[in-house]
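Understanding the architecture of this molecule
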Amino acid sequence: MPVSLYRIDDRLIHGQVVAGWGQPLGLGYIVLVDDVVAESDWEQELYRLGVPPTVDVIFVTVAQAACDIGLYSADARVGILLTGTVEAMLALVKSAGAPIAAVNVGGIHHREDRAQKLRYVFLTKDEERALHEIEAHGAAVTAQDLPSARPLSLPEILRGDAA
């Protein structure tokens, strides 16, 4: 079964991902794609604390995730792949051995150089360009904080239609 959700969320693993998305999807594993966390045992332990013991967490770098996309797709369980940044997702989309059909913008929070687009999405101009590039590589970009919410298209995100 292919990965059910490719998500950009700067908080990575947290309740909204585990309970809000994981429970409705019947989640079996999470692939956390972050070059720093992949090398940090203590950060990995912190993220594992928020996940039920029935859900495996795989910590990988962007380069490793790109190589292993086929393995995730071959897993019989439902999976979520998370990156903490738009840039990491773009790198993954560009280098993955298999196409990524859709990317969910789940939470990119306030920072001084970011402008608010939605209540849970703040973007720099570079991040906006990167989201366009993700779409140019064939992945539909939508924002949706929870599965019950209406997905917003990239133009809707950038216009701030639900801000």
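As a reminder, the structure under discussion sits directly above these lines.
A brief look at the structure comes next. (Residues numbered from 1 in each chain as written. Predicted model: local features only at pLDDT ≥ 70, side-chain atom pairs only at ≥ 80, totals over all residues. Heavy atoms only, no water.)

Quick notes on the overall build of the protein chain
How we decide: Counting from the N terminus, the helices are the DSSP runs of H or I reaching at least four residues and the strands are the DSSP runs of E reaching at least two. Each radius of gyration reported is based on C-alpha atoms, and the globular scaling rule is 2.2 Å times the count of residues to the power 0.38. The buried label goes to any residue with under 20% of its type's maximum accessible area, the exposed label to any with over 50%, and the partly exposed label to all in between, with areas taken from a 1.4 Å probe on protein chains only. Whether two residues are in contact is decided by their heavy atoms, any of which lying within 4.5 Å being enough. Residue-level accessible areas treat just the shown protein chains as cover; the underlying method is Shrake-Rupley with a 1.4 Å probe. We treat Lys and Arg as the positive residues and Asp and Glu as the negative residues; His and chain ends play no part in the count. A charge is said to be at NZ when it belongs to Lys, at CZ for Arg, at CG for Asp and at CD for Glu.
Summing up its helical and strand segments, the protein chain has six helices and nine strands in all. Taken over C-alpha atoms, the radius of gyration comes to 15 Å for the protein chain, in line with the 15 Å a tight globule of 163 residues would show. Considering only C-alpha atoms, the protein chain reaches an extent of 40 × 30 × 30 Å along its principal axes. By the burial criterion, 50% of the 163 residues in the protein chain qualify as buried. In the protein chain, the share of contacts with a sequence separation of at least 24, taken over all contacts with a separation of at least 6, comes to 68%. Summed over all atoms, the accessible surface of the protein chain reaches about 7,800 Å², with 56% contributed by carbon and sulfur. The protein chain carries 13 positive and 22 negative side-chain charges, and their two centres are separated by 7 Å.

Thoughts on helix H2 (residues 41-49)
Quick reminder of the rule: This arc is taken over the directions from the axis of the helix to the C-beta atoms.
Every buried residue of H2 is accounted for by Glu-43, Gln-44 and Tyr-47. Taken down its axis, H2 places every buried residue within 100° of arc, on the same side. Looking at H2, the residues exposed on the side facing more than 90 degrees away from the buried face are Asp-41, Trp-42 and Leu-49. Looking at the buried residues of H2, the elements they touch are strand S2 (27-33) and strand S3 (56-60).

Here we look at the environment of Val-105
Within the secondary structure, Val-105 sits in strand S5 (residues 102-107). Considered as a pair, Val-105 and Val-121 are 16 residues apart in the sequence and their alpha carbons are 7.7 Å apart.

A look at the sheet that holds strand S8 (residues 140-143)
What counts, and what does not: Paired strands, in this sense, are two strands between which DSSP finds at least two bridges. Fitted lines through C-alpha atoms give the axes, limited to the stretch in contact for helices. The angle between two N-to-C directions lies from 0 to 180 degrees.
What the seven strands build is an open sheet, ordered S3-S2-S4-S1-S5-S8-S9; its pairing is mixed. Every interior strand has two partners, whereas the edge strands, S3 and strand S9 (152-153), have only one. Judged from the four bridges that link them, strand S1 (residues 5-9) and strand S4 (residues 78-83) form a sheet pairing that is parallel. Within S4, the position partnered with Ile-8 by the bridge is Thr-83. Its contacts with the sheet put helix H3 (residues 62-74) on S1, S2, S3 and S4, and the angle it makes with S3 is roughly 135°.

Concerning the nonpolar core
Generally speaking, a soluble globular protein has its nonpolar side chains buried in company with each other. In plain terms, the rule: For this analysis, a nonpolar core means a set of buried residues of the types Ala, Val, Leu, Ile, Met, Phe, Trp, Tyr and Cys, connected via side-chain atoms within 4.5 Å.
Counting residues in hydrophobic clusters, the biggest one holds 37 residues, and the most contacted among them are Tyr-72, Leu-81, Met-89, Val-103, Leu-131, Ile-134 and Ile-157. Considering each element in turn, this core owes the most residues, six residues, to helix H4 (residues 86-95). Counting 17 residues, the second-largest nonpolar core is a separate cluster that includes Val-18, Leu-27, Leu-32 and Tyr-47.

A look at the packing of H4 against helix H5 (residues 125-136)
For clarity, the cut-off: Working rule for angles: under 35 degrees goes down as roughly parallel, over 145 as roughly antiparallel, 65 to 115 as roughly perpendicular, anything else as oblique. It is the rotation of the near helix from the far one that decides the hand of a crossing: anticlockwise by less than a right angle makes it left-handed, clockwise makes it right-handed.
One can describe the packing of H4 onto H5 by two numbers: an axis separation of 9 Å at closest approach and a directional angle of 25°. Put simply, H4 runs roughly parallel to H5. As H4 packs across H5, the resulting crossing turns out to be left-handed. Contacts between H4 and H5 involve Val-86, Glu-87, Met-89, Leu-90, Val-93 and Lys-94 from the former and Glu-127, Ala-130, Leu-131, Glu-133 and Ile-134 from the latter.

What about H4?
Among the residues of H4, those classed as buried are Val-86, Ala-88, Met-89, Leu-90, Leu-92 and Val-93. On its buried face, H4 is in contact with S1, H3, S4, S5 and H5.

Some details on the pairing of S1
Among the five residues in S1, five count as buried, and that is most of the element. Of the two faces of S1, the one lined by Leu-5, Arg-7 and Asp-9 and the one lined by Tyr-6 and Ile-8 are each fully buried. Judged from the three bridges that link them, S1 and S5 form a sheet pairing that is parallel. Across the sheet, residue Ile-8 finds its bridge partner in S5, namely Val-105.

Let's talk about the environment of Ala-19
Secondary-structure assignment places Ala-19 in helix H1 (residues 15-25). Residues Ala-19 and Gly-50 lie 31 residues apart in sequence; the distance between their C-alpha atoms is 9.9 Å.

Points about unusual backbone geometry
Not every positive phi belongs to a glycine, and Leu-12 is a case in point at roughly 55°. One can find Leu-12 in the loop between S1 and H1.

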